[in-house]
Amino acid sequence: MTDTRTLPQTASLDGTGLRRVLAVLCLTEITSWGILYYAFPVLSVSISADTGWSLPQITAAFSISQLAAALTGIPVGRIIDRIGPRTVMTAGSVLAVPSLLVVAAAPSLPIFYAGWIAAGIAMGGVLYPPAFAALTRWYGGGYVKALMILTLAAGLASTVFAPLTAALVDRYDWRTTYLVLAAVLAVVTVPGHLLGLRGRWPRPPTPVGDHPVDHRDASRSRAFLALVIALSLGAFAAFAGVFNLVPLLIEQGFSPSLAALTLGLGGAGQVLGRLGYLPIAARTTARTRIVVILAATAASTALLGIASTTIALISVAIGAGLIRGIFTLIQATAITDRWGATHYGRLNGLMSAPVVIVMALAPWAGTVLSAWTGSYARTYLILAALAVVAALIGAASIPHHRKADIAA
């Protein structure tokens, strides 16, 4: 069963304040993910055609931005633990706007890269990890439901902003599109974080049990290392799989439009997975959840490499999306499940950094694997094997002081 191992904390926000914070973060996460992340794949072909820069060069700039986001997340977590999310998330929103303006106006590839590096630093301050830290501390024992609602809302980012971005670039060009999106980002996220994240930041909950947790001991433990490796391998398999799903399906005889529709159906599966997480968390241990979901990631990835009929591939793609939806919340709750919420921001930043890095490398690595193996189907079998390893390592990600969980 989920156990935060913390004493109840005095609420710093009443019910209205908590609902305000959650609503604001839902809105700003949809906007931030939609503009800073999901607009890029829609615009990349137009950028290449207009500038003459190759797609690999352009994609590398975006991947570097994800590396910057991962490294930024480590100090961001420490800051949020101390003073709360308002300052850092507002600063991230403010930085994101001129970063996109630099990207939009870039006359050369080095300046384009500089804009994306700055945007990556901004992402480290506004995407999931700081939002998760905010809700985990403010909501106390109700954090799982709050995180589920947030990820459900943020799952709409691509649904809202991918077609909006496509409509803008059809009417204007990619530079004007980024200017418009930067304006939307400024109007929604800067005042949202500045005004919506008001409220006293509660003291960290006091650890209970035989082994009060020091963040240094936790981050240096074998369980923490196992958790980071398991989540990183699982994220690599899952995201290399989703980013290379369309080429796999086309290789299997799908039309491009049907392949794109199948990818979208996988996104709908993520919503179902997140809706089901709350009852799953109430009935299982942290060890059971991580092992079963990583094993399910391996199974669904392998089936995508083996299946050959249209119905089977579409069904497995939806199932894989459902598993990814649960995986997101397992990652969001992993620290609290094992070490409590006392040092959540700091530990989650350390844990998330390598996960974000492998997620950034996964699309490119999946393409490399397909070239090396000669087919996307064989690539998915390799990714499935990595997920099996992740599940085995995940079993060792529970600290020794979690006696009840180990016994389970």
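This is a predicted model, so every value here is computed, not measured. (Residues numbered from 1 in each chain as written. Predicted model: local features only at pLDDT ≥ 70, side-chain atom pairs only at ≥ 80, totals over all residues. Heavy atoms only, no water.)

*Asks:* Explain the overall build of the chain here, please?
*Replies:* In terms of regular secondary structure, the chain is built from 18 helices and 0 strands. At 21 Å, the chain has a C-alpha radius of gyration in line with the 22 Å of a compact globule built from 408 residues. Overall, the C-alpha framework of the chain stretches about 60 × 45 × 35 Å when taken along its three principal axes. Among the 408 residues that make up the chain, the fraction classed as buried is 54%. For the chain, restricting intrachain contacts to residue pairs at least 6 apart in sequence, the fraction spanning at least 24 positions comes to 84%. Summed over its atoms, the accessible surface of the chain is roughly 16400 Å², and 69% of this surface lies on carbon and sulfur atoms. Computing the positive centroid from 26 side-chain charges and the negative centroid from 13, the chain places the two 6 Å apart. (Helix = DSSP H or I, 4+ residues; strand = E, 2+ residues; numbered from the N terminus. Rg over C-alpha atoms; globule rule 2.2 N^0.38 Å. Buried < 20%, exposed > 50% of the residue type's maximum accessible area, 1.4 Å probe, protein only. Contact = heavy atoms within 4.5 Å. Areas by Shrake-Rupley, 256 points an atom, 1.4 Å probe, with all protein chains shown as cover. Lys, Arg positive; Asp, Glu negative; His and termini not counted. Charge placed at Lys NZ, Arg CZ, Asp CG, Glu CD.)

*Asks:* I would appreciate a short explanation of the environment of V184 in the present structure.
*Replies:* In this structure, V184 sits in helix α8 (residues 174–196). Its relative accessible area of 29% is what places V184 among the partly exposed residues. Taking the C-alpha atoms as reference points, V184 and V388, separated by 204 residues in sequence, lie 42 Å from one another. When neighbours within four sequence positions are excluded, V184 is seen to be in contact with T31, I35 and F161.

*Asks:* Could you clarify how one ought to interpret the environment of A153 in this entry?
*Replies:* Tracing the chain through its elements places A153 in helix α6 (residues 143–154). Between the alpha carbons of A153 and C26 there is a distance of 5.6 Å; along the sequence they are 127 residues apart. Setting aside anything within four residues of it in sequence, one finds A153 in contact with C26 and I30.

*Asks:* How should I be thinking about the environment of P247 in this particular structure?
*Replies:* Mapping P247 onto the fold places it in helix α11 (residues 245–251). The class for P247 is partly exposed, based on a relative accessible area of 28%. The spacing of P247 and Y376 is 129 residues in sequence and 7.3 Å in space, taken between C-alpha atoms.

*Asks:* Is there a simple way to think about the nonpolar core in this case?
*Replies:* One recurring pattern in soluble globular proteins: nonpolar side chains tend to sit buried together. Membership of the largest hydrophobic core comes to 110 residues, with the highest contact counts inside it found for L25, F112, W116, L135, W138 and Y178. Residue contributions to this core peak at 15 residues, all from helix α1 (residues 15–51). In contact with L135, other than residues within four places in its own chain, are V21, L22, L25, G140, Y143, A146, L147 and L150. L249, A259, A307 and A377 belong to the second largest nonpolar core, which has 14 residues in total. (Core = buried A, V, L, I, M, F, W, Y, C linked by side-chain atoms within 4.5 Å.)

*Asks:* What exactly am I supposed to notice about the confidence of the model for the chain here?
*Replies:* Low-pLDDT portions of the prediction should not be read for the details of their coordinates. When pLDDT is averaged along the chain, the result is 85; 93% of the residues meet or exceed 70. This model gives residues 1–10 a pLDDT under 50, and the stretch forms 46 contacts once residues within four places in sequence are excluded. In the predicted structure, residues 402–408 sits below a pLDDT of 50 and forms 16 contacts with residues beyond four places in sequence or in another chain. (pLDDT = per-residue confidence, 0-100.)

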